[in-house]
Amino acid sequence: MENIENPFVNEGTKESLMELADANMKKTAEKEGKEADTLEVPEGDETVVWEAKGETYRIRLGEITQENWLEAVRLELGEGQSAFVAEPLGILARGYVYRDCRARVWTVEEEGRIVGLALVREFDDEPLGYELQQLLIDRREQGRGVGFAALTLVLDRLRAESRWPTVEVCVKKTDAPALRVYEKAGFADSGYIDPAVPDALNLVYTL
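What counts, and at which threshold
Residues numbered from 1 in each chain as written. Predicted model: local features only at pLDDT ≥ 70, side-chain atom pairs only at ≥ 80, totals over all residues. Heavy atoms only, no water. Patch = residues over 30% accessible without salt bridge, like charges linked within 9 Å, V, L, I, M, F, W, Y side chains within 5 Å. Areas by Shrake-Rupley, 256 points an atom, 1.4 Å probe, with all protein chains shown as cover. Salt bridge = Lys/Arg side-chain N within 4 Å of Asp/Glu carboxyl O. Lys, Arg positive; Asp, Glu negative; His and termini not counted. Charge placed at Lys NZ, Arg CZ, Asp CG, Glu CD. Helix = DSSP H or I, 4+ residues; strand = E, 2+ residues; numbered from the N terminus. Contact = heavy atoms within 4.5 Å. Buried < 20%, exposed > 50% of the residue type's maximum accessible area, 1.4 Å probe, protein only. Polar contact = N/O pair within 3.5 Å; in protein donor to acceptor, adjacent residues only side chain to side chain. Core = buried A, V, L, I, M, F, W, Y, C linked by side-chain atoms within 4.5 Å. Pairing = 2+ DSSP bridges.

### Quick word on a negative patch on the surface
Together, Asp100, Asp124, Asp125 and Glu126 make up a region of like negative charge exposed at the surface. Note that glutamate 126 resides in the loop between strand E5 (113–122) and strand E6 (130–137).

Printed below as a string of structure tokens:
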């Protein structure tokens, strides 16, 4: 993806996260002339269920424990992704380093298997809010909507927590797959450019 200025449109809606996610997926599918995948969250359960390419998938968020952290660090990045996403051990380390910012590392799980990691922390200065520091999906699990499903669950959990009104994420302009995922979820370009990472967009989601 080249010459990305502001590819996102702020939806300006207070629809539920799942309604927004589903609407954005359908909109993208219509543009590409494809059949839309469908997402749903069973009532009372923090699990995303969706259909893609004739298969049904179930993704949930879990916790890092003494029993599963070794499985988590065996996750693998896709080719070229090291420029955009930290290695799994690095994500766990950041969770510790940012502990004073209420950092949390969640596992992304499918049928009891860890297929990814998400790291969220809170800003300790203005403007206050959440930051999605890392979202990693194992290279062997990519290409079927796992990242979007995991992002949906992360946003839904933060929305339920409601400590802060926004979630920010910094995405390299050249990371086209990630930009598509965040666009689907309803993130918008804030217009702010961090001097430390001038080649990245600062995206914001309003909870």
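### Brief notes about the environment of alanine 118
Mapped onto the elements of the fold, alanine 118 is located in strand E5. Linking alanine 118 and glycine 95, residues 23 residues apart in sequence, is a C-alpha distance of 9.8 Å. Those residues in contact with alanine 118 that lie beyond four places of it in its chain are Arg104, Val105, Trp106, Gln134, Leu135 and Val154.

### Let's talk about the side chain of aspartate 189
Note that aspartate 189 resides in strand E8 (residues 188–189). One buried charged residue, aspartate 189, forms no salt bridge at all, with the nearest opposite charge on lysine 173 at 7.7 Å. Engagement of the side chain of aspartate 189 in a polar contact is seen with the backbone nitrogen of glycine 191, the distance being 2.9 Å.

### Digging into a nonpolar patch on the surface
On the surface, Trp69, Leu70 and Leu89 cluster together to form a nonpolar patch covering roughly 300 Å² of accessible area. Within the secondary structure, leucine 89 is located in helix H3 (residues 88–97).

### Here we look at the nonpolar core
Tyr182 and Phe187 are the most contacted members of the largest nonpolar core, which totals 35 residues. The element contributing the most residues to this core is helix H4 (residues 146–161), with nine residues. Judged by nonpolar contacts, the second largest core, of 13 residues, contains Leu92, Ala103, Ile114 and Leu136.

### A closer look at unusual backbone geometry
The peptide bond linking glutamate 126 to proline 127 adopts the cis configuration, its omega dihedral lying at -5 degrees. With respect to the helices, strands and loops of the structure, proline 127 is situated in the loop between E5 and E6.

### Quick look at the side chain of aspartate 138
By the secondary structure assignment, aspartate 138 is in the loop between E6 and H4. On the basis of relative accessibility, which here comes to 3%, the residue aspartate 138 falls in the buried class. Each residue touching aspartate 138, except ones within four places of it in the same chain, is listed here: Arg74, Leu75, Glu76 and Val115.

### Thoughts on the pattern of salt bridges
Overall, the coordinates contain 16 salt bridges when judged by the stated rule. Between glutamate 76 and arginine 139 there is a salt bridge; the shortest N-O distance is 2.6 Å. In this pair, glutamate 76 sits in the loop between helix H2 (69–73) and H3 while arginine 139 sits in the loop between E6 and H4, placing the two residues 63 residues apart along the sequence. Taking the relative accessible area as the measure of exposure, glutamate 76 reaches 29% and is therefore partly exposed. What makes arginine 139 partly exposed here is its relative accessible area of 42%. For glutamate 141, the salt bridge goes to arginine 144, with nearest N and O atoms at 2.5 Å. By the burial criterion, glutamate 141 is buried, and arginine 144 matches it.

### A closer look at the pairing of strand E4 (residues 104–110)
Across the seven residues of E4, seven count as buried, placing the element largely inside the fold. The side-chain alternation of E4 yields two buried faces, one formed by Arg104, Trp106, Val108 and Glu110 and the other by Val105, Thr107 and Glu109. Where strand E3 (residues 55–63) meets E4, four bridges bridge the pair, whose relative direction is antiparallel. Residue pairing for E4: glycine 62 is matched across the bridge by threonine 107. Sheet analysis places E4 next to E5, joined by seven bridges and oriented antiparallel.

Function cannot be read off these values alone, since they describe shape.
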